[in-house]
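Here are the chains, one letter per residue:
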Amino acid sequence: MTPVGIDGIEIWTGTLKLDLPGTLAPALGEEPAKFTKGLGLYASSLPDTYEDIVTMGANAAYALMDRHGLEPDDIGRIDVATESAFDNSKPVSTYIAGCLESVFDGDFHHANKGERKFACVAGTQSINDAYNWIRAGRNRGRAALVIATDTALYERGDGGELTQGAGAVAMLIDEDPSILALSQEQGYGSADETDFLKPNQQFPSVDGKRSIQVYLARMREAMADFEAQVGETHPDDYAYIPFHTPFPGMVRKAAPIGYRRMIRATEIEDDLAPSIGHQPRPEAFDDEAAFHDALAEYMDALVETDAYAAWYDRVIEPTLSLSREVGNWYTGSVHLARTSALLDAADRDVDLAGMQLLVASYGSGAQAEIHAETVRPSWREEIDALPVWSHIEARTSIDFPTYERIHDVHNHDIDTGADVDPVTVPNGEFVFTGWGRMNERQYEFVD
Ligand code: COA
């Protein structure tokens, strides 16, 4: 079977940078260490006045197509995953296609376009849709363009204000891909939950503490479902495990659950047993509470072991490097984690070809999805060509009053007027220019 997977990646960050320990923490009366040590965050990317989900998505897609020498005719499908849509009818992919048609010869009139919604897991779902479309033989030799784009802004004063971010990840899904081939097997953990939602409102209602618990519960289910397909997994099976990363501290909580499951009944569990005992098994307990207490005690001891620390440093920590600097990008977040891992391998000159990643996505509401990806021989060329760190380093830092002004500009309930000056000057990119006669948003490319 010809492999299908990720053939290209491009990342577009919001142009502004808010320093979290240095600027947001003192303004909100928070300890800087809450960001750096607790949440694991150093900065948020934020959108300037002329940026939104369309400009960031179109800029990422344009750069990706340009780098790959693609024309609109090469693309048979454009799917946008977002939690920040501003229209309940017209999909963001049509706006992005319109932007791209203004700079490329040709058009996307014979490409299928859509918008995917399931909180942060929608980006992964769009990749899966593209995979299924190609596997079904409906692509006519064309690739799919998947764009995960979000402005993850929260109401001022909301707990989520600490974990904001904005940016887009564009990915090309194709046969015989250059970077990663997707596994056919998938595991799901899905349930009707109320942890994060936007019922007809711009900013989310979020129960952050509950969301952490729901994330962990759905991940556990997805992992069990995945293992039911592929058999038992082992920590050595995966070079990296990129998780959905609303903030790196969340991944610090999720990783031990995966590790415990993977070492169960292996030589690693046996080697650790003299110091921390064997894993508690439910059948050895009369009631569930006693089992959970024993499990919590085991987990506390497990994360203190050298074996766990070495695995975490090798497999998990490198997936967090982009997230630490940009905050939560919702649908793009797990794709940033995967990219961070590949950048780490390139940086350390690791020969990753043939190795596997285990990709763990999550969307509130709630659903986790886990699948494996096999690194392709030509991965390095693609990753070396990705200018993501130079874009991140080129962001413009803003002070707290500027942050307040920018947040107001993006708040649909505040009329800041049409003439709020941007902080930066756009250059070679799509920008938002205002509203049209049917209240549609309008865009142009600025040279
Ligand atoms: N030094 C070191 N660590 C500190 C600290 C300090 N001075 N102050 C706090 N911390 C730690 C806390 O112990 C906690 O870590 P732990 O959970 O491992 O114990 C962490 O920093 C966060 O502190 P907490 O008090 O829980 O923060 P909070 O009540 O402000 O809430 C979130 C944090 C993440 C729940 C909140 O920002 C949020 O809801 N974000 C949105 C998340 C989201 O969108 N979820 C949905 C998508 S998955």
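Check the entry above for the structure.
These figures come from a predicted structure and were not determined experimentally.

**Student:** Which parts of the structure should I look at to understand the pattern of salt bridges?
**Tutor:** A side chain with one charge can pair with a side chain of the opposite charge if their charged atoms come near. Inspection of the entire model under this criterion finds 20 salt bridges. Notably, a salt bridge pairs glutamate 193 with arginine 210, separated by 2.7 Å at the nearest N-O pair. Here glutamate 193, found in the loop between strand E8 (180-190) and strand E9 (196-197), pairs with arginine 210, found in helix H6 (residues 208-230); they are 17 residues apart in sequence, far enough to count as distant. On the basis of relative accessible area, glutamate 193 is assigned to the buried category, the value being 16%. Given the relative accessible area of 36%, arginine 210 is considered partly exposed. Between glutamate 269 and arginine 281 there is a salt bridge whose closest N-O contact spans 3.0 Å. Taken as a pair, glutamate 269 in helix H8 (residues 267-276) and arginine 281 in the loop between H8 and helix H9 (288-302) lie far apart in primary sequence, 12 residues in all.

**Student:** Can you help me understand empty space enclosed by the protein in this one?
**Tutor:** With the rule as written, the count across this model stands at one cavity of 30 Å³ or more. A volume near 150 Å³ is recorded for the largest cavity. Around the largest cavity, the lining is made up of 15 residues, and of these Met223, Phe243, Ala254, Gly258 and Ile370 lie nearest the centre. Those elements that place two or more of their residues in the lining of the largest cavity are H6, helix H7 (248-263) and strand E11 (356-363). Among the elements that make up the lining of the largest cavity, the one with the highest residue count is H7 (six residues). Taken together, the residues of the lining of the largest cavity sort by class into 13 nonpolar, one polar and one charged.

What counts and how
Residues numbered from 1 in each chain as written. Predicted model: local features only at pLDDT ≥ 70, side-chain atom pairs only at ≥ 80, totals over all residues. Heavy atoms only, no water. Salt bridge = Lys/Arg side-chain N within 4 Å of Asp/Glu carboxyl O. Helix = DSSP H or I, 4+ residues; strand = E, 2+ residues; numbered from the N terminus. Buried < 20%, exposed > 50% of the residue type's maximum accessible area, 1.4 Å probe, protein only. 1 Å grid on protein atoms, 1.4 Å probe; cavity = no way out; pocket = protein on both sides within 12 Å on 5 of 7 lines; lining within 4 Å. Points joined across faces, edges and corners; volume = space filled by probe spheres on them. Nonpolar A, V, L, I, M, F, W, Y, C, P; charged D, E, K, R; others polar.

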